[in-house]
Each structure stands twice: as structure tokens, then as C-alpha cells.
Amino acid sequence: MTAPTEQRRPPGAPAAAGTVLDVRGLTVEYATGQSPVRACVDVSFTLRRGEILGVAGESGSGKSTLITALTRLQRPPAVTTAGQILFHGRDGAPPVDLAALDAKRLRRYRWTSLSIVMQSAMDALNPVMRLGAQFADVLRAHDRTLTRKLAWARAAELLTLVGISADRVRDYPHQLSGGMRQRAAIALALACGPELVVMDEPTTAVDVVMQRQILAQVLRLRAELDFAVVFVTHDLSLLLELADRIAIMYAGRIVEVGSSAALYADPQHPYTRGLRASFPPLRAPLTTLTGIPGSPPDLRDPPPGCPFHPRCALRTSGCDTHLPPLVRAAADPDRQVACLLHPSPQDPTGGEQR
Amino acid sequence: MSDDSYVLEARNVSKHFTVRGAAGRARVVRAVEDASVALRPGGVLALVGESGSGKTTLARLLARFHPPTEGEILLRGEPLRRGRRAARAYHAEVQLIFQDPFGSLNPLHRVRYTLDRTLRLHEPGLDRAGRRRRVVELLERVSLSPAAEVAEKFPHELSGGQRQRVVIARALAVRPKVLLGDEPISMLDVSIRLDMLNLLHRLRADEGLALLYITHDIASARYLCDDIAVMYAGRMVESGPRERLIGAPQHPYTKLLVESSPDPERGAAGRDELFGDADQLGEPPSLIDPPDGCRFHPRCPFAMAECRTQSPPRTELGDGHWTHCWLHQKGRAGELAGTTFASAVAATRGADGVARQESAR
């Protein structure tokens, strides 16, 4: 309970005291067939305490691979081949590398430090167990002294936190509406007071009104319980309203990171611009939008150089041979972009040869 | 009474389904109640609402998948005739595009077969070579190229966007006058969605196709459509020209829907303003036992005595804009513009609610 929640714009020293997660060079491969598919390549970012980091990208951009790697929920053939996931606990202990922990030691961090909300709550909740029993399972696994009765009482309390009446604790998941199930899954993720909650498209299956309700509750709970959020979605216009910072992924890499305000006012990567121009406005004057021509690359055979260059209207010579690194592109320390059009002030050599 | 300028019209249609509950007791789900829509050639009407609001059922009524319980459906002003022959003639003019491009193509058949079969059924005069030409032509119309190559593929070899194009090509194979799109783009990737919207726009502009576009995404409805109709719990609550409906909603539910839609352009002061009061907006009712009066009244912060007992009559607001809401009958419509839905809800909540918000700030 150390850090205040309104820590949105701290000075940008990486891995400073306010950091909860520091991901460095994370690479995930799917070991299939002849050559492995690199679904997540050299992904690095930091997450501050209490912050909401949005991750946006299309299908196949590696966003789901990234979060299953972060939460260590990946299954073969996915393998983390490089990188660290440094978790800084609230207690001030030295950081642990979640990517290197064995299953037994990892258990200590699940639910209490890090939890996840899945896209489909029906898959996340056990259909043949009452809600209370599922909550009690989780609660008692982390606190052996808790009696069943107290665990059920705590479950009811958690449900009311997300606006579900306490008597629903005896219900089975199928007795709840889709929106309620999703909220119950969020309550379950918060059961052991995690410092970081990873949310994988938690509101894609519900409609806009329920989406706004759920997100309003997440924001309120975040202020009360102090947890950071990695929020993955394809809906950039939603992230622009919700997130503190946004990372844009394309073909397994982060191509741009910045505060929501900066990304809204001045997207720098051509892909980010294309993505923003793919959402028709609700009120602004209508023009014919063109979106992004072409389709995402096949990760089994990624294009050389910048993975976006075959679809990029602004490509110049070098885009098809040089892979631009993710570098600081402006005075804003939060702002990073991987594009040859934005040569880095610190790195005059430009991209690395591939 | 019949208006010739409409190509397809549903007039006061209702659909009730009988379902069996756990105890084997029959119950009636009132999925659509007294709904009317009318489509003009070259016109696009968007039907928006939450899941379970009856949008899909209404589209299925229009596609003749179910007969309406009450009301009638008119094609060019004429009521539907019974029988298989009449049904086929109807489907040569009215086609439905499903939401899920993964479930609506037979995985065992190549694209060519899928399209060829449609042509064989609907254009029996065409010979083999003629059908081959038409298949290529159809695939090119939905920008699937090289068409000859795509025609030989199985659905699993195509991406979601490509599959949905095949579904649209199949619908176009019969040269329909009306396309009913049931969330045709909601399962597609963002960059492909826009392609599909532009494709639908082209079909409507170039060929005078009438389109019913069902969605829960109001921004895309605005992009594609002339008019928007809003459904809630099986009833139509408001309909009108897109800019009027989005700019100044005249039904509290439309207001809620518009205000809940992500809109980075709205220039709010911050997240608190955007999400602050939105954590208790309620949920749609069960359609087995819908609320009396206006079906929205249990969630509506403007509700008054009439709303709980009597279904609100239609108020005409000019330019084809109308709504079913008691506020207009009681001279309280001005209240809608002065607040947001979420703050109106917060204001009606008791001291408990106020305390809760304070702690959230």
C-alpha cells in the first residue's frame, strides 16, 4: 500500500521505484514445422504501479502471445526463448524474473501478485461449480487458515465490489448474464489483492453499455485496491479513452509506445496512423476512410526489414532492408517508435541489419 | 397505403418464441414486439441495440427464416406468398449475410462450388462456361483477386476478411435487391472492417442495393448509413437521420448507447469524466417477462408514473425522426440535452450512491 494511485506521469527513469513490471527483450516462438514462428520478438516495456497500459494490435500481432508469456500460461509449442519479465513486488523485495521461475515458485505469485481476466468469462469460470466455491478455492489456496465459511463471505463481498448482489454467490456461471459473468471473472482476478491484472479483451464479448460499466468499475477498483493493468484489445478508440499509455503491436513487435494523449494527438508510426484511421468517428465530420491496404504478414515468413513496409505508404529506401529499433523519438521520454522515418537522437546508426 | 418507394418493409411485426424451461413448462419469449422498418433502393438503414434487443430476430423475419407472429412483411408493397417457389423467388431478391464467416461457409467445399451452386439454383439458364465467368466476376466485385486462384481454395485457406467477402459474393450471386447484414464486420480485424464497409457502400451507391446493417457499433453505422433505428428489449425506441440521432438523441436509451460508445474525439477532460458515473447503468430485462409500460423504465433515470404502466406512443419529430418516449408527451424532452445519462442515473441514486462516488474520486 505504498504508492499512490495518481502516479500517471512520473519522471521516466526505467525500472525506478514506481515500476511493477519490467519486460526486457521478450521473445516467444512457436516451435512448429521446419522453422520456428516468432510470434513475439524482442518486446520490452515497463509498467508503473497503478498504471493502465493498453496493448493494441490486430489478430496475429502477437498480443495474445505476449500476455500468455507474461502470465506464464503458454503451452507448447509456444516457448519463451529470450528475455526477462522482472516483477517488482510491493514489499520492496528484489525483483524476480517470472520467466525463469519454476512452476512451484511461480505459484506464490499467481493471484496474489499477478492475475488474469480472460476474454470469455464462460471459459474462465468452471460451469459446474457455484461462484462461491470457485472464489473459495482461490482464496483458500493462498490462505490455508481461512475457513470455508469466511471464504464464501469474502466471495460475496468481492461480488458486491463489481455490482453483483451478494446472494448470487450461490449461482452457477450459466445463471448469470454475459456481463455479470465477465464482472465475476474480474472480481475473481482481484480476490487475492494482486498488484498486476492482465486483461485480455475483457469486454469484446459484451456490448458497449456493459463495456462502459465494466470499465468504470475496473477504474474505481483500481483506485481503491491499487493494481496496475495490462489491457489488451484491438479497439484503439477504446484504449485512447481508457489507458494511461498504449503500446501498438505489429507482427510480433512493439512499433510504437506513448501516452494516450500523445498517441491521439500525434501518432508517429505509419501503422498507428493507419489503425487510428480505421475507426470511423462518432461525431467528427465524415470522410471516406481508407484504413490500411493489404493484410498482416505471415509470421512463418516475415518480410525483411520493417515488417510493415509492404503495406506502408511512406516507405523509403532502406525500409525493406533495415529493421528499425524501438527508440525514443521525441522530447517526451514516454514516447518510443520503431520507424526509419523517425531516426533516434541517441542512435545515429539507424536500424540493425537483418 | 403501400408506399412504392420501399423495396422491403416490415410493418408492425412481432415474433414470440415458445421455449421450454427446466420444468418442461412452456414460456413465451417476446423477442420482437411491434417493430417496423422500411428499406429504400440505394438506402442504408442501421439497426443498433444491445445483444438480445431483437435485431437479429428482426433480420431473420425479413429473411423469411421465421414467420412473424403478428404483422406483415411486404416486398415492393406486396405481402409474402407461401410455398417453396415463392420463398425461392423471395430469396432471389433478399439475401442475408451472417455475422460469422467461419460458420457460414461449408468447410468441405471450394469457393467455386459454393458460388456455383448458388448460380445453378438461381440462374438455371446459365451454362457451365457462363457460371465460370460469373464466379470470377463475383469474386472480382468483392475485390478477391486473383479470382481464379481464390475460387479453388477451401474456406480454411482464407482469412476471416476473405471469407466474409466470399459470403457477400454468394449473396450477390443471385442479384438481390436487398442485403440484410447481421453484424457482417464485427468478427473481422480492424483494418479489414473498413474495407468491408467501403465495399458495402460501393454496392449501395453503384447498384442501388438496399441494405439493412445490423450492428452494435454506432460509429460504423454512422459511416455507412443514412438512417439509424434503435432497438431495446424487442421494441424500436427511436429512428431517424444519423446525424440527428447521434447528435441529439431523443430517447434516453439512444442517449445511453451513444454516450457509451468510445469516442476519442469527444475531448473530455479526463477519464473521471468519461467513466466516473458509469458503473451502474443496469442491464436489459428478460424477454420472457418484460417490464410493463416502457421496457426501458427500470433503467431510466427520467422514468415517471406513465412509463411504468403504459407503453409510450410514437412521437414524430420531423424529417422521419421519431421516438417512443413519454418525455416527449409530457413536455420534458428538453431534459435529455442538459445532462448525460450516467450523471442522470447518479443524480437519482440515493445518498449511498453519492458516497460511493466520492470514494471513487
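- By the naming in an unreviewed UniProt entry, chain B is ABC transporter ATP-binding protein, taken from Streptomyces hainanensis.

- The name that an unreviewed UniProt entry assigns to chain A is ABC transporter ATP-binding protein, with the source organism given as Streptomyces hainanensis.
- Looking at chain A in UniProt, the text filed under Sequence similarities (unreviewed entry) is "Belongs to the ABC transporter superfamily."

Quick word on the overall build of chain B
In step 1: Along the backbone of chain B there are 15 helices and twelve strands.
In step 2: Taking 361 residues into account, the globule formula puts the C-alpha radius of gyration at 21 Å, and chain B, at 22 Å, falls close to it.
In step 3: With the principal axes as the frame, chain B shows a C-alpha extent of 75 × 50 × 45 Å.
In step 4: By the burial criterion, 47% of the 361 residues in chain B qualify as buried.

Let's talk about the domain arrangement of chain B
In step 1: Assigned domains within chain B: domain 1 (104-173) and domain 2 (250-360).
In step 2: A C-alpha centroid distance of 46 Å is found between domain 1 of chain B and domain 2 of chain B.

Quick look at the interface of chain A and chain B
In step 1: Counting residues at the interface gives 37 residues for chain A and 34 residues for chain B.
In step 2: When residues of the side of chain A that touches chain B are traced back to their parent elements, those giving at least two are helix H7 (208-225), helix H8 (236-242) and helix H10 (270-276) of chain A.
In step 3: For the side of chain A that touches chain B, the element with the most residues is H7 of chain A, which contributes ten residues.
In step 4: Residue composition of the side of chain A that touches chain B, by class: 18 nonpolar, twelve polar and seven charged.

Thoughts on the packing of helix H3 (residues 111-122) of chain B against helix H4 (residues 128-141) of chain B
Residue and element names in this part refer to chain B.
In step 1: H4 packs onto H3 with a crossing angle of 120 degrees between their chain directions and a minimal axis gap of 10 Å. Classified by the angle between their axes, H3 and H4 sit oblique to one another. Two packed elements cross with a definite hand, and for H3 against H4 that hand is right-handed. Across the interface between the two elements, Arg112, Leu115, Asp116, Leu119 and Arg120 from H3 touch Arg131, Arg134, Val135 and Leu138 from H4.

Describing the UniProt feature "domain: ABC transporter" (unreviewed entry) in chain A
In step 1: In this numbering, the UniProt entry assigns the feature "domain: ABC transporter" (unreviewed entry) to residues 23-276 of chain A.
In step 2: Between the first and last C-alpha atoms of residues 23-276 of chain A the distance is 26 Å; the span itself is 37% helix and 26% strand.

What about the pairing of strand S4 (residues 70-75) of chain B?
Residues and elements named next belong to chain B.
In step 1: In this structure, strand S1 (residues 8-20) lies alongside S4, joined through five bridges in antiparallel fashion. Its bridge partner being in S4, serine 14 is matched across the sheet by glutamate 70.
In step 2: Pairing of S4 with strand S5 (residues 78-79) involves two bridges; the strand directions are antiparallel. Residue pairing for S5: leucine 74 is matched across the bridge by proline 79.
In step 3: Here S4 folds back onto S5 in antiparallel fashion, the turn holding two residues, of which arginine 76 has a positive phi close to 50 degrees.

Structural notes on the packing of helix H4 (residues 131-142) of chain A against helix H5 (residues 148-161) of chain A
The axes of two packed helices give the description: the angle between them and the distance between them.
Residue and element names in this part refer to chain A.
In step 1: One can describe the packing of H4 onto H5 by two numbers: an axis separation of 8 Å at closest approach and a directional angle of 110 degrees. Classified by the angle between their axes, H4 and H5 sit roughly perpendicular to one another. As H4 runs across H5, the sense of the crossing is right-handed. Along its contact with H4, which presents Leu131, Gly132, Phe135, Ala136, Leu139 and Arg140, the element H5 presents Arg148, Ala151, Trp152, Arg154, Ala155, Leu158 and Leu159.
In step 2: Tallied by class, the residues present in the contact of H4 with H5 amount to nine nonpolar, one polar and three charged.

Comments concerning helix H6 (residues 160-172) of chain B
Residues and elements named next belong to chain B.
In step 1: Taking 1.5 Å per residue, 13 residues should reach 18 Å; H6 reaches 18 Å between its end C-alpha atoms and fits that length.
In step 2: The buried count for H6 comes to eleven of 13 residues, which makes it a mostly enclosed element.
In step 3: When we look at burial in H6, the residues that qualify are Gln162, Arg163, Gln164, Arg165, Val166, Val167, Ile168, Ala169, Arg170, Ala171 and Leu172.
In step 4: Packed against the buried residues of H6 are strand S6 (94-97), H3, H4, strand S7 (178-182) and helix H7 (190-207).

Concerning the nonpolar core
In step 1: Among the nonpolar cores identified, the biggest contains 202 residues, and Ala184, Val230 and Phe231 of chain A together with Ala46 and Leu212 of chain B are the most heavily contacted of them.
In step 2: Top contributing element to this core by residue count: H7 of chain A, with eight residues.
In step 3: No fewer than three residues from each of domain 1 (104-173) and domain 2 (250-360) of chain B sit in this core.
In step 4: Excluding residues that lie within four positions of it along the chain, alanine 46 of chain B makes contacts with Tyr213, Thr215, Ala221, Leu224, Cys225, Ile228 and Ala229 of chain B.

Cut-off values and rules
- Residues numbered from 1 in each chain as written.
- Chains lettered and ligands numbered in written order.
- Predicted model: local features only at pLDDT ≥ 70, side-chain atom pairs only at ≥ 80, totals over all residues.
- UniProt positions renumbered as here; feature names shortened; annotations may be inferred.
- Helix = DSSP H or I, 4+ residues; strand = E, 2+ residues; numbered from the N terminus.
- Rg over C-alpha atoms; globule rule 2.2 N^0.38 Å.
- Buried ≥ 20, exposed ≤ 12 C-beta atoms within 10 Å, placed from the backbone.
- Domains from an automatic or database assignment.
- Contact = placed C-beta atoms within 7 Å.
- Nonpolar A, V, L, I, M, F, W, Y, C, P; charged D, E, K, R; others polar.
- Axes fitted to C-alpha atoms, helices over the stretch in contact; angles between N-to-C directions.
- Parallel < 35°, antiparallel > 145°, perpendicular 65-115°, else oblique.
- Left-handed = near helix turned anticlockwise from the far one by under 90°.
- Pairing = 2+ DSSP bridges.
- Expected span 1.5 Å × (residues − 1).
- Core = buried A, V, L, I, M, F, W, Y, C linked by C-beta atoms within 7 Å.

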